[in-house]
Amino acid sequence: MTGLASAFRILAAAAATLLTVTAAAPVAQAKPEPKAPEEFVALRSVDPTIIQEMRYPTAHNFMGVPVDGYRQPLCILTRPAARALHHAQTRLLKQGYSLKVYDCYRPQRAVDHFVRWAKDLDDDTMKGEFYPRVDKTRLFADGYIAEKSGHSRGGTVDLTLVKLPAAPTGPYLPGQKPVPCYAPEAGRFPDNSVDMGTGFDCFDTLSHTDDPRVQGTQRANRQLLKKTLTDAGFVNLAEEWWHYTFKPELFPDTYFDFPVARRFVAGH
């Protein structure tokens, strides 16, 4: 009995020591998520009249799934870029138009998601709408996907024009039959924007802002958007009629990764 009691005492002491060590061990803390610098604002706080149809928090984009980092359908930009859009919007409202943004600040984790998708050659769910004439093996070489994006610096925005009064945009139903993004306007996804010749995020040379095949009303619409934004201090990416960057950029060499949600710019 003495030996048995001694064994129990040893086990009890070992258990007490283990509990003490466990209690003293630091509790693992989740790494806090980065927040936006004070220079970033929600666009609605600067101009609530600009229409927002943020595509990447939804499944209606070239990947067919919501994109990493987009917690809410919210346009976030650096304050100078947001103010410049406000000035452009003021001019357009007098002409019976409104700006509509599709994407603004884009976290680096979203860009990383694009890259992973582009490397998965078996995933061509949205090819029929967004890149019918482009082989997925060419997305990097042709410049449609890159490992860094100006959007992550906060001064770049993807946008279009809407004739007022704005009609609602048609609903997107996952799995619906895709229509090429360069099809005639009546056949494309029923966006409420003016006819720009292609839909947003159309991976095709017809999306080049000054492509000579785009004429008439479509060309005039692109030029109205370009002139208005150029006058407000934005520079267009020639390969994408919807892509503009405000210059000079506040953060020309910094790629941010805070998520897109109100709480990350609260109080700015």
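Throughout what follows, the structure given in this document is the object of discussion. Small disclaimer: the values here were computed from a predicted structure and weren't measured. (Residues numbered from 1 in each chain as written. Predicted model: local features only at pLDDT ≥ 70, side-chain atom pairs only at ≥ 80, totals over all residues. Heavy atoms only, no water.)

**Considering helix α3 (residues 79-94)**
Working step 1: Taking 1.5 Å of rise per residue, 16 residues should cover 22 Å, and α3 covers 23 Å from first to last C-alpha, within 8% of that figure.
Working step 2: All of the buried residues along α3 are A81, A82, A84, L85, A88, Q89 and L92. Looking down the long axis of α3, one finds its buried residues gathered within 160° of arc, a one-sided arrangement. In α3, the exposed residues that point more than 90 degrees away from the buried face are H87 and K94.
Working step 3: Within two residues after α3, G96 carries a phi angle of roughly 85°, on the positive side. (Helix = DSSP H or I, 4+ residues; strand = E, 2+ residues; numbered from the N terminus. Expected span 1.5 Å × (residues − 1). Buried < 20%, exposed > 50% of the residue type's maximum accessible area, 1.4 Å probe, protein only. Arc of directions from axis to C-beta.)

**Comments concerning the side chain of H113**
Working step 1: Within the element layout of this structure, H113 appears in helix α4 (residues 108-119).
Working step 2: Residue classification places H113 among the buried positions, given a relative accessible area of 13%.
Working step 3: Side-chain polar atoms of H113 contact the backbone nitrogen of D68, separated by 3.1 Å.
Working step 4: With residues up to four places along the chain from it excluded, the contact list for H113 reads M63, V65, P66, V67 and D68. (Polar contact = N/O pair within 3.5 Å; in protein donor to acceptor, adjacent residues only side chain to side chain. Contact = heavy atoms within 4.5 Å.)

**Some words on the nonpolar core**
Working step 1: The biggest cluster of nonpolar side chains holds 65 residues, and the ones touching the most others in it are L85 and V101.
Working step 2: Of all the elements in the fold, those that place two or more residues in this core are β1 (40-42), β3 (76-78), α3, β4 (97-103), α4, β5 (156-163), α6 (216-231) and β7 (243-246).
Working step 3: Counting residues per element, this core draws most heavily on α3, at 6 residues.
Working step 4: Setting aside anything within four residues of it in sequence, one finds L85 in contact with L43, I50, L77, L99, V101, V157, L159, L229 and F234. (Core = buried A, V, L, I, M, F, W, Y, C linked by side-chain atoms within 4.5 Å.)

**Concerning the pairing of β4**
Working step 1: Among the 7 residues that make up β4, 7 are buried, leaving the element largely enclosed by the rest of the structure.
Working step 2: Both strand β2 (residues 51-52) and β4 contribute to a ladder of 2 bridges, which runs parallel. Within β4, the position partnered with I51 by the bridge is K100.
Working step 3: Bridge count between β4 and β5: 6 bridges; the pairing is antiparallel. Within β5, the residue paired with L99 across the bridge is L161. (Pairing = 2+ DSSP bridges.)

**Quick look at the layout of surface pockets**
To find leftover empty space, one rolls a probe the size of a water molecule over the atoms.
Working step 1: What the largest pocket holds in volume is close to 550 Å³.
Working step 2: Forming the walls of the largest pocket are 31 residues, and the residues nearest its centre are G143, Y144, L237, E240 and H243.
Working step 3: Those elements that provide at least two residues to the lining of the largest pocket are α4, β6 (234-236) and β7.
Working step 4: Grouping the amino acids of the lining of the largest pocket by side-chain chemistry returns 12 nonpolar, 10 polar and 9 charged.
Working step 5: In this structure, the second largest pocket spans a volume of roughly 260 Å³.
Working step 6: As for the second largest pocket, its lining consists of 22 residues, of which R188, F189, D191, T198 and G199 are closest to the centre.
Working step 7: Residue composition of the lining of the second largest pocket, by class: 12 nonpolar, 4 polar and 6 charged. (1 Å grid on protein atoms, 1.4 Å probe; cavity = no way out; pocket = protein on both sides within 12 Å on 5 of 7 lines; lining within 4 Å. Points joined across faces, edges and corners; volume = space filled by probe spheres on them. Nonpolar A, V, L, I, M, F, W, Y, C, P; charged D, E, K, R; others polar.)

**Here we look at the packing of aromatic side chains**
Working step 1: Taken as a whole, this structure holds 22 aromatic pairs when the rule is applied.
Working step 2: Relative to F246, the ring of F234 has its centre 5.4 Å away and its plane inclined at 65°; by these criteria the two rings are edge-to-face. With F234 in strand β6 and F246 in strand β7, this pair connects stretches of sequence that are 12 residues apart. For the pair shown, F234 and F246 are each scored as buried.
Working step 3: An aromatic cluster is built from Y56, F62, Y70, Y102, F114, W117, Y131, Y144, F200, F203, W241 and W242, whose rings are joined through pairwise contacts.
Working step 4: Across from the ring centre of W117, 4.0 Å away, lies the NZ or CZ of K136, which sits over that ring.
Working step 5: Across from the ring centre of Y97, 4.4 Å away, lies the NZ or CZ of K163, which sits over that ring. (Phe/Tyr/Trp six-rings, centres within 6.5 Å; stacked < 30°, edge-to-face > 60°. Lys NZ or Arg CZ within 6 Å of the ring centre and 35° of its normal.)

**Considering the state of the cysteines**
Working step 1: All told, the structure shown has 2 disulfides when counted by the stated rule.
Working step 2: The partner cysteine of C75 in its disulfide is C104, sulfur to sulfur 2.0 Å. Handedness of the C75-C104 disulfide follows from its S-S torsion of about -100°: it is left-handed. With C75 in the loop between β2 and β3 and C104 in the loop between β4 and α4, this pair connects stretches of sequence that are 29 residues apart.
Working step 3: The class for C75 is buried, based on a relative accessible area of 0%.
Working step 4: Its relative accessible area of 0% is what places C104 among the buried residues. (Disulfide = S-S within 2.5 Å.)

Read these as layout, nothing more, since geometry by itself doesn't imply function.
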